Amino acid sequence: MSLEGVDAAALERDEYEILLDAAETYREALVVRLCADVGLRPRELAELTVDDVEQVRIEPPRYLVRVPAVDGGDGRTAYLPTHVERELRRYARSNGLTTDDRILPVTARRLQMLVSDVADRAAELFNRPDLSDVSTSDLRRYFARRALVDRGVNPRAVKAAGGWRSFEALEPYLPEPTDTEIIDAFDALERPSGTGRDRDGPVVGDDSVIRLLLAASDRYALLRLDSDGYVERWNRSAAAMFGYRAGEIVGTHVSTFYTDEAVDEGVPDRVLATALEESGHEREGWRVAEDGSRFRATEVISPLRDDQGRHRGFAVFVRDVSPAHEELEELRARRDELERRYDVARSHRAVTRALLESTDHEEVEEKTCAALTAGGAYEYAWIERATHADRRTDRRTASGIDPDAVDRLVPEAWRDGEVESIDVDGEPSVSIGRGVSLAIDGDGGEEGDGGTDEIGALARIPLAYGDTVYGALSVATDADDAFDDEERRSLETIGQQVGYAIAAIRRRNLLLSDRVVELELECRDDDSFFVDASRRLGCRFELDSLVPVSETTQLYYLRLEGASPADVFDLAADDPGIEDYRLVETDAEGWRVEFVVDSSCPIVTLTEYGTTVLEARFVGGTATITAECAVDADIRTILDGLRAVFPDSELVGKRETERNVRTAREFREGLEDRLTDRQEASLRAAYFGGYYDWPRESTAEEIADAMGISSPTLHNHLRKGQHELLRTFFDDPGDESRGTD
């Protein structure tokens, strides 16, 4: 069997590379390689299966192809280069082929046409008309010439692997050796055995290494530009990365791969000029694929020159670094998030310190706003006290922005209530406004502040203690990721802390004040259960004591007159704010009743605003409450706070008076007057004998024996003495109506 067309001009290495570059699909490139690098015929390719590939060496890996018999001939074994085996396996996996499936399930004629199409495309793209006639036979001749002449492979191995039946077919590729070639060939006889050259096989060329690297991943591409920056060479790696086929992109300027912004700024031409000046240039940036998608890439551009040093074009190596860029951006975002969380935590700590140092309501507001802006988490902070009667702002404290500039900062949507909110325990706690322009007039900010153009977000947090709202704290920031769930919870805590601090300061000021203002208020609002019940039943409630059970629950002890407890309890059963109720005692004038209330009450609201309720009566649908507050307390704020919850309330009188302070000696003398000698003796013996310790140092029997009385007698004296002690502490010492004797 003769070599096909041995008299034709042999295909050169660079021509073979051009054919591979012209292949637009992995299938086309694979067919070209199987003919030129393995020496297979189209008829053999059409019958080849994945199972015909066999690995015969593990380290380093080496492969053979068991070529199936065709046209009545015998099968043979061909050598399969490692890089071709990798592409073959990759093609099989991507097409879901099993071991029994044919790799190229088409006719031999169709494979010949496929090679012809690649040759025509190469001739057109690269202006090489001579390549249009390349066929599968030319590729097999290329295989023989490369193996015999360029690589010096044993002719017998080439004959077996290529399927030629005689050495005569290979003779045209074995030219007459020159004198130098004869000397070089027999030079091995002059050297000791085992030191021959190329013991480890032929040297792999740089072009082969580059192609192996490009084939190993779809994140690398190599292309060539002419001297003006237009695409001149385009291969499969570039097609896989950018999505263009060679016919679509060859002759197009490299700016096609840049973003519109980069093109407008002249980046492509500037990059090429820099590469030419500096003999190479590396740059990272956004690149654009054929479908318009963007990806992050590192680009290395090297100028190409001929033997005379004349500039002939550029080699461009592109690496898709999108995964690394995304990971870096995630790390940066995480870093920014952690920095912001630290700033928020630092602001929170600063607010806590400021609250501990504040001595009045105004100082609480000023130091809270200053602490929030000083921490770096927020640009502006302000607190508003709302006047609920006419729905206008009564007072505003601000930091980072002039109080008068706040109205220009807050958008209409914010004022109209079109905000995002988070619910805590079923009630809105933190309101968020996003996409807010933080721009203010030049004279609206602090001195020297020319305004800002950032777009940011606002958060508004109520300053509350129990059911009482002292105002609203607002903060503004230009951070894109502001006010996540954790930050909202932190702001909610700040709002509660400020509310608690205001309430505590009001109460402290009341306790330390020598003079007080006594207020008399009336409430006719049916939202109060006791106001409503006194109106509907025509009865009277008088407050004995109010005991806080939790932040929202109170225990009421009241005197009831004019209606039976059963009727009152029937109304209480239908009120969702009454958790429990019971009758404590009955006397000739009425009843003492107990209520567990989990809802608002005028008494509680006034207490939360720092007043002390002295008396409270609910008669015929009107609550009359007497309370006292510090002389410097803001009475208008107290009244507005009461009306915010119970609108039908009014102040009917006030007067300034001296506080009646009882000294410790007066308290003790009053108590001694109430106790009998036996009661005082029993209390002293029980106290100093360790009866009230835990665990007890003495039992009641031991105390009784020491006193020479019986245990029941001791218990009777102790009970009456304890009652007088508690009555002296909790009740009016002049009230003798609750004696026990």
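Residues numbered from 1 in each chain as written. Predicted model: local features only at pLDDT ≥ 70, side-chain atom pairs only at ≥ 80, totals over all residues. Heavy atoms only, no water.

The name recorded for the chain in an unreviewed UniProt entry is Helix-turn-helix domain-containing protein, from Haloterrigena gelatinilytica.

Caption draft 1: Representation of the overall build of the chain. When helices and strands are counted, the chain shows 26 helices and 22 strands. When the 741 residues of the chain are sorted by exposure, 43% land in the buried category. Contacts in the chain between residues far apart in sequence, at least 24 positions, make up 60% of those at least 6 positions apart. Approximately 39500 Å² of the chain is accessible, and the part contributed by carbon and sulfur atoms is 47%. (Helix = DSSP H or I, 4+ residues; strand = E, 2+ residues; numbered from the N terminus. Buried < 20%, exposed > 50% of the residue type's maximum accessible area, 1.4 Å probe, protein only. Contact = heavy atoms within 4.5 Å. Areas by Shrake-Rupley, 256 points an atom, 1.4 Å probe, with all protein chains shown as cover.)

Caption draft 2: Examining the nonpolar core more closely. The biggest cluster of nonpolar side chains holds 71 residues, and the ones touching the most others in it are Tyr556 and Phe595. Top contributing element to this core by residue count: helix α18 (residues 485-512), with 7 residues. Discounting residues that sit within four places of it in the chain, phenylalanine 595 has contacts with Phe529, Phe530, Gln554, Leu555, Tyr556, Leu558, Val568, Phe569, Ala572, Ile578, Asp580 and Tyr581. Among the nonpolar cores identified, the runner-up in size contains 70 residues, and Leu34, Val84, Ala92 and Ala221 belong to it. (Core = buried A, V, L, I, M, F, W, Y, C linked by side-chain atoms within 4.5 Å.)

Caption draft 3: Up close: unusual backbone geometry. Of the consecutive residues tryptophan 694 and proline 695, the connecting peptide bond is found in the cis state with omega at 0 degrees. Checked against the element boundaries, proline 695 lands in the loop between α24 (677-688) and α25 (700-707). Its identity as a non-glycine residue notwithstanding, asparagine 127 has a phi of 55 degrees, on the positive side. Within the secondary structure, asparagine 127 is located in the loop between α5 (108-125) and α6 (136-150). The phi dihedral of serine 279 is positive, around 60 degrees, even though this residue is not glycine.

Caption draft 4: Geometry of the sheet that holds strand β20 (residues 612-619). With respect to topology, 8 strands assemble into an open sheet ordered β18-β19-β17-β16-β20-β21-β15-β22, the strand pairing being antiparallel. The strands lining the two open edges of the sheet, one partner per strand, are β18 (578-586) and β22 (649-658). When the angles between neighbouring strand axes are averaged without regard to direction, this sheet yields 20 degrees. Packing against the sheet, helix α19 (residues 529-537) makes contact with β15 (515-523), β16 (540-548), β17 (554-561), β18, β19 (591-597), β20 and β21 (622-630), and its axis sits at approximately 30 degrees to β20. (Pairing = 2+ DSSP bridges. Axes fitted to C-alpha atoms, helices over the stretch in contact; angles between N-to-C directions.)

Caption draft 5: Examining a negative patch on the surface more closely. Together, Asp117, Asp120, Glu124 and Asp133 make up a region of like negative charge exposed at the surface. You can see aspartate 117 is positioned in helix α5. (Patch = residues over 30% accessible without salt bridge, like charges linked within 9 Å, V, L, I, M, F, W, Y side chains within 5 Å. Salt bridge = Lys/Arg side-chain N within 4 Å of Asp/Glu carboxyl O. Lys, Arg positive; Asp, Glu negative; His and termini not counted. Charge placed at Lys NZ, Arg CZ, Asp CG, Glu CD.)

Caption draft 6: Inspection of helix α15 (residues 361-374) at higher detail. In this model, α15 (14 residues) spans 20 Å end to end at C-alpha, consistent with the 20 Å of a helix rising 1.5 Å per residue. For α15, every residue scored as buried is listed here: His361, Glu363, Val364, Glu365, Thr368, Cys369, Ala371, Leu372 and Thr373. Capping the start of α15, aspartate 360 holds a side-chain oxygen 3.3 Å from the backbone nitrogen of glutamate 362, two or three residues further along. Glycine 376 sits one or two residues past α15 and shows a positive phi near 90 degrees. (Expected span 1.5 Å × (residues − 1). Polar contact = N/O pair within 3.5 Å; in protein donor to acceptor, adjacent residues only side chain to side chain.)

Caption draft 7: Region of the structure containing the sheet that holds strand β7 (residues 294-305). Spatially, 5 strands are ordered β5-β4-β8-β7-β6 in an open sheet, and the strand pairing comes out antiparallel. The sheet is open, and its two borders are formed by β5 (231-233) and β6 (281-288), each paired with just one other strand. In this sheet, neighbouring strand axes are inclined to one another by 40 degrees on average, regardless of whether the strands run parallel or antiparallel. Relative to β7, β6 runs antiparallel, the two being bridged by 8 bridges. Across the sheet, histidine 281 pairs through a bridge with isoleucine 301, a residue of β7. The sheet strands contacting helix α13 (residues 267-278) are β4 (220-225), β6, β7 and β8 (311-320), and the helix crosses β7 at an angle near 40 degrees.

Caption draft 8: Local environment of the environment of glutamate 589. In this fold, glutamate 589 is placed in the loop between β18 and β19. Once the C-alpha coordinates of glutamate 589 and arginine 559 are considered, the two residues, 30 residues apart in sequence, prove to be 9.3 Å apart. If we skip the residues at most four places from it in the chain, glutamate 589 touches Arg559 and Glu561.

Caption draft 9: Region of the structure containing the packing of helix α2 (residues 26-36) against α6. Interhelical geometry of α2 versus α6 gives an angle of 50 degrees and a closest axis separation of 7 Å. Judged by the angle between their axes, α2 and α6 are oblique. Along the contact surface, α2 presents Val32, Cys35 and Ala36, while α6 presents Thr136, Leu139, Arg140, Tyr142 and Phe143. Residue composition of the contact of α2 with α6, grouped by class: 6 nonpolar, 1 polar and 1 charged. (Parallel < 35°, antiparallel > 145°, perpendicular 65-115°, else oblique. Nonpolar A, V, L, I, M, F, W, Y, C, P; charged D, E, K, R; others polar.)

Caption draft 10: The environment of glutamate 561, seen in detail. Within the fold, glutamate 561 resides in strand β17. Glutamate 561 sits 58 residues away from valine 619 along the chain, and the two C-alpha atoms are 9.7 Å apart.

Caption draft 11: Up close: the pattern of salt bridges. According to the stated counting rule, one finds 39 salt bridges in the structure shown. A salt bridge links arginine 636 to aspartate 640; the shortest N-O distance between them is 3.9 Å. With a gap of 4 residues between them, arginine 636 and aspartate 640 both fall in helix α22 (residues 635-645), about one helical turn apart. Its relative accessible area of 7% is what places aspartate 640 among the buried residues. What emerges from the salt-bridge pattern is a single network uniting Glu24, Glu28, Arg121 and Arg245.

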